[in-house]
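A closer look at the structure
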Amino acid sequence: MSSDAPSDSLMRVTNAERDQVVELLQQAFADGRLTSQEMEERIAHALAARSRGDLAALTADLGGAVAEPERVVELKGTGGRITRTGAWRVPRALRVESEYGGVVLDLTHAVIEHPVVEIELSLDYGSALLTVPHDTEVDVDRVECQWGRVVCRAPKRQKPGGPRIRLTGKLGYGRLKVRFR
């Protein structure tokens, strides 16, 4: 049986797949399985990779396969408040949608396993409050406000070892406030 579909190793990769391999390489360095020079070389190759085969070759001797990118976790509400506080696990990609309610995301005690977290907001008539740890970098440049505003008191430059939060999306008649605890 003949197929015109390319094999999995020839499939082109996404930015999320490249990022995942970079994380695996950084973890391998932290575990002592790679030297800093090996990690740097492999990361450069990972960022330039075009196919899944290219990425697989970079991690083949590390015992970790390149998995599919993590799915986007969605939080949806109509009229109530969407709240996440305490020791909740923050996904790599989070989409928050609400028509009339507010959103409170407190990351100060959350488990953040990813160096970069993407949060997409889609709020019609509600506001959002994001509370972050002190070592967090927050990018709000891609958030659109129609009648509200964005107030960010977190730094644009990351302190060593802290996560990076990228906020995107639209707010209709509310505001986004980002603060430290």
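In short, a report on the structure. Here the residue numbers are simple positions, counted from 1 along each chain's written sequence. Whole-chain, interface and lining totals are the exception, using all residues; otherwise, since this is a predicted model, local features are given only for residues with pLDDT of at least 70 and side-chain atom pairs are given and counted only at 80 or more. Water and hydrogen atoms play no part in the side-chain values, which are based on all heavy atoms of the structure.

This brings us to the sheet that holds strand β4 (residues 93–98). At least two bridges found by DSSP between two strands are what make those strands a pair. The way it works is that DSSP assigns letters per residue, a run of H or I at least four long becomes a helix, a run of E at least two long becomes a strand, and they are numbered from the N terminus. The strand order β1-β4-β7-β11-β9 describes an open sheet built from five strands, whose pairing is parallel. Edge positions in the sheet fall to β1 (73–77) and β9 (137–145), since each has one partner strand and no second. On average, adjacent strands in this sheet sit at an angle of 10 degrees to one another, irrespective of strand direction. As judged from the eight bridges shared by strand β7 (residues 116–123) and strand β11 (residues 164–171), these two strands associate in the parallel manner. Looking at β11, one finds that L121 is bridged to G169. All axes here are fitted lines through C-alpha atoms, helices being fitted over the stretch that makes contact, and every angle between N-to-C directions spans 0 to 180 degrees.

Right, let's get into a nonpolar patch on the surface. Patches here are clusters of residues that have more than 30% relative accessible area and form no salt bridge, with a 9 Å joining cutoff for like charges and a 5 Å cutoff for nonpolar side chains (Val, Leu, Ile, Met, Phe, Trp, Tyr). For the accessible areas, the method is Shrake-Rupley and the probe is 1.4 Å, while residue cover comes only from the protein chains on display. By definition, a salt bridge exists where a carboxyl oxygen of Asp or Glu is found within 4 Å of a side-chain nitrogen of Lys or Arg. Side chains of Y100, Y125, W147 and Y173 sit close together on the surface and give an oily, nonpolar patch of about 570 Å² of accessible area. Looking at where Y125 falls in the secondary structure, it is placed in the loop between β7 and β8 (128–132).

The next thing to look at is the packing of aromatic side chains. Only centres within 6.5 Å qualify two rings of Phe, Tyr or Trp (six-membered ring in Trp) as a pair; their planes then separate them into stacked at under 30 degrees, edge-to-face at over 60, and tilted for everything else. Tallying each qualifying case throughout the model produces three aromatic pairs. Taking 5.0 Å as the distance between ring centres and 5 degrees as the angle between the ring planes, the aromatic pair formed by Y125 and Y173 counts as stacked. Separated by 48 residues along the polypeptide, Y125 in the loop between β7 and β8 and Y173 in the loop between β11 and β12 (176–180) bring together distant segments of the chain. Summarising the aromatic geometry, the rings of W147 and Y173 are spaced 6.2 Å apart at their centres and angled 0 degrees between planes, so their arrangement reads as stacked. Placement of the pair is W147 in the loop between β9 and β10 (150–152) and Y173 in the loop between β11 and β12, with a sequence separation of 26 residues. Taken together, the ring pairs in this structure connect Y100, Y125, W147 and Y173 into an aromatic cluster.

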